[in-house]
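Breakdown of the fold
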Amino acid sequence: RSLVVVHFWAPWAPQCAQMNEVMAALAKEHTQVTFVKLEAEAVPEVSEKYGISSVPTFLFFKNSQKVDRLDGAHAPELTKKVQRHASSSSISAGSNDNAKEDLNVRLKKLIDAAPCMLFMKGSPKEPRCGFSKQIVEILNKHGISFSSFDIFSDEEVRQGLKTYSNWPTYPQLYVAGELIGGLDIVKELEASGELDAICPKAQKLEDRLKTLINKSPVMLFMKGSKQVAKCGFSKQIIEIMNNTGVDYETFDILEDEEVRQGLKTYSNWPTYPQLYVKGELVGGLDIIKELKESGELLPVLKGEN
């Protein structure tokens, strides 16, 4: 019944080394917790099974079931999650009120995480019940911008939100932190024409991509950021770009799945990183290396070529 924390890491990422130190300190403090390190690129089947797209990523298991995850090098958040999951195995009666209060704070944060939040079974791409599938279809049909939370991924949230919202079933839709209701309510709002007025509209993806591509004269879409690259290819391209002395901005495609998938189709370029100059695609790492070797990179980045 003890907690197992698995760190998916990579030897080339300095942030992973830092988080290994944090893990070592937590292991001394929480002797009942098992901490494991897995080199993500050495176990591709495992990484793919658990959707590991960047390092560091931490998965939390109890009774062989995944109960939580943390993406990125967030030492305070890792500490918090370890403390919460380690203590939840042995919560005493006296601390029940505190646990309830902590859960309510967490639920409020999740509800407020986006202007329109949908708590559902599964994800918008893979709904895991008919009601969730129908509500996603309605929201998409109306071009409504929403974020979602898979209640199957967290039993504490799944049970706690029913009490918090006084609404016993899923899906549950929230707008501006307020509960709208479930599928039946959303259907009624659609029929009365009120749904469009209540929920925020999504910007069309193509328009959004154009805006992002033209955000800076030189735009790099990559895994991670200038400060912390989250894959070897992105790390290499950052080093080349920094040596040119040209100003550029980056966008972390790991933070936005819609952009990550949409840009591949929009640019007809299936991989990352992708470099754009004045709104036009230059290419990925191989193209940038070729331009560097031929001496053409600087003129291209300055828009002269």
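Residues numbered from 1 in each chain as written. Predicted model: local features only at pLDDT ≥ 70, side-chain atom pairs only at ≥ 80, totals over all residues. Heavy atoms only, no water.

Further remarks concern the packing of helix 9 (residues 205–213) against helix 11 (residues 257–267). Two numbers describe how helix 9 lies on helix 11: the axes approach to 10 Å, and their chain directions differ by 90 degrees. Between helix 9 and helix 11, the angle is such that the two are roughly perpendicular. For the pair helix 9 and helix 11, the contacting residues are Leu205, Glu206, Arg208, Leu209, Lys210, Leu212 and Ile213 in the first and Glu258, Val259, Gly262, Leu263 and Tyr266 in the second. Grouping the amino acids of the contact of helix 9 with helix 11 by side-chain chemistry returns seven nonpolar, one polar and four charged. (Axes fitted to C-alpha atoms, helices over the stretch in contact; angles between N-to-C directions. Helix = DSSP H or I, 4+ residues; strand = E, 2+ residues; numbered from the N terminus. Parallel < 35°, antiparallel > 145°, perpendicular 65-115°, else oblique. Contact = heavy atoms within 4.5 Å. Nonpolar A, V, L, I, M, F, W, Y, C, P; charged D, E, K, R; others polar.)

Residue-level pLDDT values for the protein average 89, and 94% of them are 70 or greater. Per-residue pLDDT stays below 50 along residues 91–95; that stretch engages in two contacts with residues further than four places along the chain or on separate chains. (pLDDT = per-residue confidence, 0-100.)

With that settled, the discussion passes to the nonpolar core. Among the nonpolar cores identified, the biggest contains 18 residues, and Val218, Leu220, Met241, Leu275 and Leu301 are the most heavily contacted of them. Where this core is concerned, the elements lending two or more residues are strand 9 (218–222), helix 10 (232–244), strand 11 (274–277), helix 12 (285–294) and helix 13 (297–301). Per element, the largest residue contribution to this core is four residues, and it comes from helix 10. Residues contacting Met241, with those up to four places away along its chain left out, are Val218, Val246, Tyr248, Leu275 and Leu301. (Core = buried A, V, L, I, M, F, W, Y, C linked by side-chain atoms within 4.5 Å. Buried < 20%, exposed > 50% of the residue type's maximum accessible area, 1.4 Å probe, protein only.)

As a further point, take the side chain of His85. Note on placement: His85 falls in helix 3 (residues 75–88). Accessibility expressed as a relative area gives 7% for His85, which makes it buried. With residues near it in sequence (within four places) discarded, His85 still touches Leu3, Phe60, Lys62, Val67 and Asp68.

With that out of the way, let us pick up the environment of Lys210. With respect to the helices, strands and loops of the structure, Lys210 is situated in helix 9. The exposure class of Lys210 is partly exposed, given its relative accessible area of 38%. It is 20 Å that separates the C-alpha atoms of Lys210 and Lys302, two residues lying 92 residues apart in sequence.

So, about helix 6 (residues 155–165). When helix 6 is considered as a whole, its buried residues turn out to be Val157, Gly160, Leu161 and Ser165. The buried side chains of helix 6 occupy one side of the element, clustering within an arc of 115 degrees when seen end-on. Measuring from the backbone nitrogen of Glu156 back to the side-chain oxygen at the start of helix 6 gives 3.1 Å, which picks out Asp154 as the cap. Where helix 6 terminates, the next one or two residues include Asn166, which has phi positive at roughly 55 degrees. (Arc of directions from axis to C-beta. Polar contact = N/O pair within 3.5 Å; in protein donor to acceptor, adjacent residues only side chain to side chain.)

What follows is about the side chain of His142. With respect to the element layout, His142 can be found in the loop between helix 5 (130–141) and strand 6 (147–150). Among the polar contacts listed, one links the side chain of His142 to the side chain of Glu190, at a separation of 2.9 Å. If we ignore the near neighbours within four places in the chain, the residues touching His142 are Glu190, Leu195, Asp196 and Lys201.

Let's shift gears to unusual backbone geometry. In this structure, the amide linkage connecting Val55 to the following residue, Pro56, adopts the cis form with an omega of -5 degrees. Of the consecutive residues Tyr170 and Pro171, the connecting peptide bond is found in the cis state with omega at 5 degrees. Look at Asn268: it is not a glycine, yet its phi comes out positive at around 55 degrees. Along the chain, the position of Asn268 falls in the loop between helix 11 and strand 11. Judged by relative accessible area, Asn268 falls into the exposed class, the value being 68%.

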